[in-house]
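Observations on the model geometry
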Amino acid sequence: LSHFYPKHDWSIDEMDILCGAVTGKYTWPYLPLTKLNEMKLEIKVFSTFDNDKFLNNHQTYLTEEYGEDGAKDSIQNSDMDAVLDQARTYVSIPKHDKFTRYNKSHTPVIARELLDNGFLLVKSINSQKLNGNDNKIAGHFILLHGYEGAQFIAHDPGGNDEHGNPVHQYPN
């Protein structure tokens, strides 16, 4: 957000509020996307996640998408009542000139075009898969802010251990 609001020094507490962070629980993208829309930022969401199916029966949909263990983990580690409320608010946002949803994943070509047009890209990744745990799901976001040739330049806002070393962060 500092890119768009350079005079504002965003605190961790402010970011936690923006993301709806609850200690010990997973965060979901619904609240931050809703709040960024309220801030009048131009947002283009590329996602194959079926919000309607999720809202209709979140347990069944999560099981279909991530398996029993992934669904169980997501549900147990989330405040699902709050997540579902946030999802309902998110899907009710009408499409307008600064907010567009695409029911597909973006491609490298689309990503480069968006970056060339001044967008920053927030990319959802499964950090468990990157750690070699193919049967688990753990949503994580990285920020793509440029590219050089075929390589994207990413910022990973993951945490640090007690010595200040990055954990669960990956090379750009």
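Let me sum up the structure you'll find in this document. Keep in mind it's a predicted model, so treat the numbers as computed, not measured.

1. Digging into the environment of N56
You can see N56 is positioned in helix α3 (residues 51-56). You can call N56 exposed: its relative accessible area is 69%. For the pair N56 and L84, spaced 28 residues apart in the sequence, the C-alpha separation amounts to 9.9 Å.

2. A short note on the pairing of strand β5 (residues 151-155)
The side-chain alternation of β5 yields one buried face, formed by F152 and A154, and one unburied face, formed by Q151, I153 and H155. Looking at chain direction, strand β4 (residues 139-148) and β5 are connected through 5 bridges and run antiparallel. Directly across from Y147, in β5, lies its bridge partner F152. From the end of β4 to the start of β5, which pair antiparallel, there are 2 residues, and G149 there has a positive phi angle of about 65°.

3. Notes on the packing of aromatic side chains
Per the counting criterion, the structure on display carries 10 aromatic pairs. For the pair Y90 and F99, a centre-to-centre distance of 6.0 Å together with 80° between the ring planes defines the contact as edge-to-face. Y90 sits in the buried class, given a relative accessible area of 3%. Above the face of the Y147 ring, R112 is positioned so that its terminal group lies 5.6 Å from the ring centre.

4. Some words on the packing of helix α2 (residues 30-38) against helix α5 (residues 80-91)
α5 packs onto α2 with a crossing angle of 35° between their chain directions and a minimal axis gap of 8 Å. The hand of the α2/α5 crossing is left-handed. For the pair formed by α2 and α5, the contact residues are Y30, L31, L33 and T34 on the first element and V83, Q86, A87, T89 and Y90 on the second. Counted by class, the contact of α2 with α5 contains 6 nonpolar, 3 polar and no charged residues.

5. A short note on the nonpolar core
Ranked by internal contacts, the top residues of the largest apolar core, which has 19 residues, are W28, Y30, F49, F54 and Y90. Looking at this core, the elements with two or more residues in it are α2, β1 (43-46), α4 (58-76) and α5. Here the element with the most residues in this core is α5; it accounts for 5 residues. If we ignore the near neighbours within four places in the chain, the residues touching W28 are C19, F49, F54, L62, S74, S78, M80 and V83.

6. Concerning the sheet that holds β5
One key point about sheets: their strands pair by backbone hydrogen bonds, in either a parallel or an antiparallel sense. Read across the sheet, 3 strands follow the order β3-β4-β5 without closing on themselves; strand pairing throughout is antiparallel. In this open sheet, the two edge strands, each paired with only one partner strand, are β3 (121-126) and β5. For this sheet, the mean inter-axis angle between neighbouring strands, taken without regard to orientation, is 50°. Sheet strands touched by helix α6 (residues 108-116): β3, β4 and β5. Its angle to β4, the strand with the most contacts, is close to 70°.

Parameters at a glance
Residues numbered from 1 in each chain as written. Predicted model: local features only at pLDDT ≥ 70, side-chain atom pairs only at ≥ 80, totals over all residues. Heavy atoms only, no water. Helix = DSSP H or I, 4+ residues; strand = E, 2+ residues; numbered from the N terminus. Buried < 20%, exposed > 50% of the residue type's maximum accessible area, 1.4 Å probe, protein only. Pairing = 2+ DSSP bridges. Phe/Tyr/Trp six-rings, centres within 6.5 Å; stacked < 30°, edge-to-face > 60°. Lys NZ or Arg CZ within 6 Å of the ring centre and 35° of its normal. Axes fitted to C-alpha atoms, helices over the stretch in contact; angles between N-to-C directions. Left-handed = near helix turned anticlockwise from the far one by under 90°. Contact = heavy atoms within 4.5 Å. Nonpolar A, V, L, I, M, F, W, Y, C, P; charged D, E, K, R; others polar. Core = buried A, V, L, I, M, F, W, Y, C linked by side-chain atoms within 4.5 Å.

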